[in-house]
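These are the residues of each chain, in order.
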Amino acid sequence: MTRPLLIFDSGVGGLSVLAEIARLMPTAPIVYAADSGGFPYGTKTEREVTARVPALLGRLEERYDPALIVIACNTASTIALDWVRAALDLPVVGTVPAIKPAAALSKTRTIGVLGTEATVVQPYVDRLAAEFAADCTVIRHGSAELVELAEAKLRGEPADADAYRAILAGLLNQPGGERIDTVVLACTHFPLVREELEAASPRPLAFVDGAAGIARRTQWLTRDLAWPKVPSEGRAVVTGALEAAEPYRAGFARFGLTRIDKL
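Just so you know, the residues in each chain are numbered from 1, in the order the chain's sequence is written. Predicted model: local features are reported for residues with pLDDT of at least 70 only, side-chain atom pairs are reported and counted for 80 or more only, and whole-chain, interface and lining totals are derived from all residues. In computing side-chain values, all of the structure's heavy atoms are included and hydrogens and water are not.

Caption draft 1: Focus on the pattern of salt bridges. Salt bridges are identified by distance alone: a Lys or Arg side-chain nitrogen within 4 Å of an Asp or Glu carboxyl oxygen. With the rule as written, the count across this model stands at 12 salt bridges. One salt bridge connects Glu157 with Arg155, and the closest N-O pair in it is separated by 2.8 Å. In this scheme, a residue with accessible area under 20% of its type's maximum is buried, one over 50% is exposed, and one in between is partly exposed, where area comes from a 1.4 Å probe on protein chains only. A relative accessible area of 29% places Arg155 in the partly exposed class. Across the pair Asp261 and Arg235 runs a salt bridge whose closest N-O atoms are separated by 2.7 Å. Of the two residues, Asp261 is situated in strand E10 (residues 257-262) and Arg235 in strand E9 (residues 234-238); the sequence distance between them amounts to 26 residues. For helices the rule is a DSSP run of H or I covering at least 4 residues; for strands it is a run of E covering at least 2, with both sets numbered from the N terminus onward.

Structure (structure tokens):
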């Protein structure tokens, strides 16, 4: 039996990464793990995230024997990636805020970073900005509400346009925000609501995320593996109650995840 790819997130945000991986490797078996019992990560302390994520991924590795793990969560990656790699003996791909491609794209040399509260204050983001956007002004805004809006969208709930406008205002109304022309979606949940953000924006903005780069890295690291000729049933795994995952069933199915298990 072919070992699957394990894609991990606190909630449904990693589906934006899954979509890019499935586009490049359409027959690779996929297990998508959502830590619904620990959701959300963006408001947790670093100690809570580092205590939870490596142990949880260890349990998932034991159960599903993946060929590779993708931590499709910016918060977990920026805080716990090194811990996970030290604990597990298999390739682990992390998620990096897409500051480098945003800097290449920005004409005004002013970039917005929209992430969770935990991600936008990480020293890792400082290092990325210093290395790849040293000639840019980088303005950050953390929003737990946008994570919840993305979760609500996957449950099929209607969008609240005013909420999206208010979140963007938190970024664009900061000093210097009027010069922002490119926004890094530094949470994997946020590409799921890209259309809503574009519609709510008071002016044209380029929204950039790292999903395509993660997919290319995953493809490269698994280049020697022989995938099946036809796709297999995709599986979602949740850590919370199965009943709580039921409203997401149709949303999961749109990403090829037709089975839901409880860890």
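Caption draft 2: A look at the sheet that holds E10. Taken in spatial order, the 6 strands line up as E4-E3-E1-E2-E9-E10 in an open sheet, and their pairing is parallel. Edge positions in the sheet fall to strand E4 (92-93) and E10, since each has one partner strand and no second. Two strands pair when backbone bridges link them, and strand E1 (residues 5-9) and strand E3 (residues 68-71) are joined in this way by 4 bridges, in the parallel orientation. Bridging across to E3, Ile7 finds its partner in Val70. For two strands to be treated as a pair, DSSP must find at least two bridges joining them.

Caption draft 3: Quick look at the side chain of Thr75. Within the secondary structure, Thr75 sits in helix H3 (residues 74-87). In terms of polar contacts, Thr75 uses its side chain to reach the side chain of Thr116, at 2.8 Å. Residue contacts are counted whenever heavy atoms from the two residues lie within 4.5 Å of one another. The residues contacting Thr75, other than those within four sequence positions of it, are Tyr41, Gly42, Thr116, Ala118 and Thr119. Pairs of N or O atoms are called polar contacts if they sit within 3.5 Å, as long as, within protein, a hydrogen donor faces a hydrogen acceptor (for residues adjacent in sequence, only side-chain-to-side-chain pairs).

Caption draft 4: View of the packing of helix H2 (residues 46-64) against H3. Helix axes are fitted only over the stretch in contact, all axes being lines through C-alpha atoms; the angle between N-to-C directions runs from 0 to 180 degrees. Following both chains from N to C, one finds H2 and H3 inclined at 50°, their axes separated by 9 Å at the closest point. By the angle between their axes, H2 is oblique relative to H3. Along this stretch, H2 crosses H3, giving a crossing that reads as right-handed. On the side of H2, the interface is formed by Glu46, Val49, Thr50, Val53, Pro54 and Leu57, while H3 contributes Ala76, Ile79, Ala80, Trp83 and Val84. Here the word oblique covers every angle except those under 35 degrees (roughly parallel), over 145 (roughly antiparallel) and from 65 to 115 (roughly perpendicular). The sense of a crossing depends on the near helix, which, turned anticlockwise from the far helix by less than a right angle, makes the crossing left-handed and, turned clockwise, makes it right-handed.

Caption draft 5: Molecular detail of the nonpolar core. The definition of a nonpolar core used throughout is a set of buried Ala, Val, Leu, Ile, Met, Phe, Trp, Tyr and Cys residues joined through side-chain atoms within 4.5 Å. Leu5, Ile7, Leu15, Ile21, Tyr32, Val70 and Phe252 are the most contacted members of the largest nonpolar core, which totals 29 residues. Put simply, the parts of the chain that give this core at least two residues each are E1, helix H1 (15-24), strand E2 (30-34), E3, helix H10 (211-221), E9 and E10. A per-element tally of this core places H1 first, with 4 residues. Apart from the residues lying within four places of it in its own chain, the contact partners of Phe252 are Val12, Leu15, Tyr32, Leu154, Ala236, Leu257 and Ile260. Residues Ala33, Val49, Ile69 and Cys73 belong to the second largest nonpolar core, which totals 25 residues.

Caption draft 6: Inspection of the environment of Arg165 at higher detail. Within the secondary structure, Arg165 is located in helix H8 (residues 161-172). Residues Arg165 and Ser201 lie 36 residues apart in sequence; the distance between their C-alpha atoms is 6.6 Å.

Caption draft 7: How the structure looks around the environment of Ile79. Note on placement: Ile79 falls in helix H3. In this structure Ile79 comes out as buried when scored by relative accessible area, which is 9%. For the pair Ile79 and Thr182, spaced 103 residues apart in sequence, the C-alpha to C-alpha distance is 25 Å. Setting aside anything within four residues of it in sequence, one finds Ile79 in contact with Glu46, Val49, Thr50, Ala118 and Gln122.

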